Amino acid sequence: MISQVGSDLLEIIEDRYERRSTIITSQVPLDRWYEIIANPTLADAILDRLVHNAYRIDLTGESMRKQRSQSHPKTPKLDLNKTRSKHQPDLGSVRQMAAFKSERRPE
């Protein structure tokens with residue numbers, strides 16, 4: 001992990017630590033986070049704040065995506081070369097949503 005990304009993640013977690021709930025999902029087991037973060041001190045700080053008072057749910061079994069793909073026929077792929085399909089968001093509404101979110105963000 002790039003050092004700046006790890007530092008940014010730690011900053012976000014520190015801002016939320018014991019103030020707000022945080023949900024993190026990962027396919028990477030906790031014992032491999034040290035390998036991915038690459039900086040042991042940074043990894044310790046991040047994991048210490050994440051694991052303290054955490055509810056951890058380990059899911060096992062077959063992938064739901066795999067089960068669904070076996071029970072449903074393949075869906076047609078979207079043609080991304082078309083100018084704009086009904087599946088693509090209207091950029092005006094995306095910008096309005098971003099502006100709305102930034103107005104609601106606490107200082």
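About the cut-offs
Residues numbered from 1 in each chain as written. Predicted model: local features only at pLDDT ≥ 70, side-chain atom pairs only at ≥ 80, totals over all residues. Heavy atoms only, no water. Salt bridge = Lys/Arg side-chain N within 4 Å of Asp/Glu carboxyl O. Helix = DSSP H or I, 4+ residues; strand = E, 2+ residues; numbered from the N terminus. Buried < 20%, exposed > 50% of the residue type's maximum accessible area, 1.4 Å probe, protein only. Axes fitted to C-alpha atoms, helices over the stretch in contact; angles between N-to-C directions. Parallel < 35°, antiparallel > 145°, perpendicular 65-115°, else oblique. Left-handed = near helix turned anticlockwise from the far one by under 90°. Contact = heavy atoms within 4.5 Å. Nonpolar A, V, L, I, M, F, W, Y, C, P; charged D, E, K, R; others polar. Core = buried A, V, L, I, M, F, W, Y, C linked by side-chain atoms within 4.5 Å. 1 Å grid on protein atoms, 1.4 Å probe; cavity = no way out; pocket = protein on both sides within 12 Å on 5 of 7 lines; lining within 4 Å. Points joined across faces, edges and corners; volume = space filled by probe spheres on them. Expected span 1.5 Å × (residues − 1). Arc of directions from axis to C-beta.

## Description of the pattern of salt bridges
So, step 1. For the structure on display, the rule yields three salt bridges.
So, step 2. When the shortest N-O distance is used, the salt bridge between E14 and R49 registers 3.4 Å. With E14 in helix α1 (residues 3-16) and R49 in helix α3 (residues 40-51), the pair connects residues that are 35 residues apart, well separated along the chain.
So, step 3. Its salt-bridge partner being R56, residue D58 comes within 3.5 Å of it at the nearest N-O pair. Both residues of the pair, D58 and R56, count as exposed.

## Here we look at the packing of α1 against α3
So, step 1. At a closest axis distance of 10 Å, the pairing of α1 and α3 adopts a crossing angle of 25 degrees. With respect to α3, the axis of α1 lies roughly parallel. Crossing angle aside, the handedness with which α1 passes α3 is left-handed. In this structure, α1 uses S3, G6, S7, L9, L10, I13 and E14 to contact α3, whose residues at the interface are L42, A45, I46, R49 and L50.
So, step 2. Here the contact of α1 with α3 is built from residues that sort into seven nonpolar, three polar and two charged.

## Thoughts on the nonpolar core
So, step 1. Membership of the largest hydrophobic core is limited to ten residues, which are L10, I13, W33, I37, L42, A43, A45, I46, L47 and L50.
So, step 2. Among the secondary structure elements, those contributing two or more residues to this core are α1, α2 (33-37) and α3.
So, step 3. Considering every element that reaches this core, the biggest residue donor is α3, with six residues.

## Some remarks on the layout of surface pockets
So, step 1. What the largest pocket holds in volume is close to 1,400 Å³.
So, step 2. Of all the elements in the fold, those that place two or more residues in the lining of the largest pocket are α1, α3 and α4 (64-71).
So, step 3. Of the residues assigned to the lining of the largest pocket, the class counts are 15 nonpolar, ten polar and nine charged.

## Remarks on α1
So, step 1. For α1, spanning 14 residues, the distance from its first C-alpha to its last is 20 Å, which sits close to the expected 20 Å at 1.5 Å a residue.
So, step 2. Taken together, the buried positions of α1 are G6, L10 and I13. Take α1 and look down its axis: the buried residues cluster within an arc of 65 degrees, on one side only. Away from the buried face of α1 by more than 90 degrees, exposed residues Q4 and I12 are located.
So, step 3. Of the surrounding secondary structure, the elements contacted by the buried residues of α1 are α3.
So, step 4. Within two residues after α1, E18 carries a phi angle of roughly 60 degrees, on the positive side.

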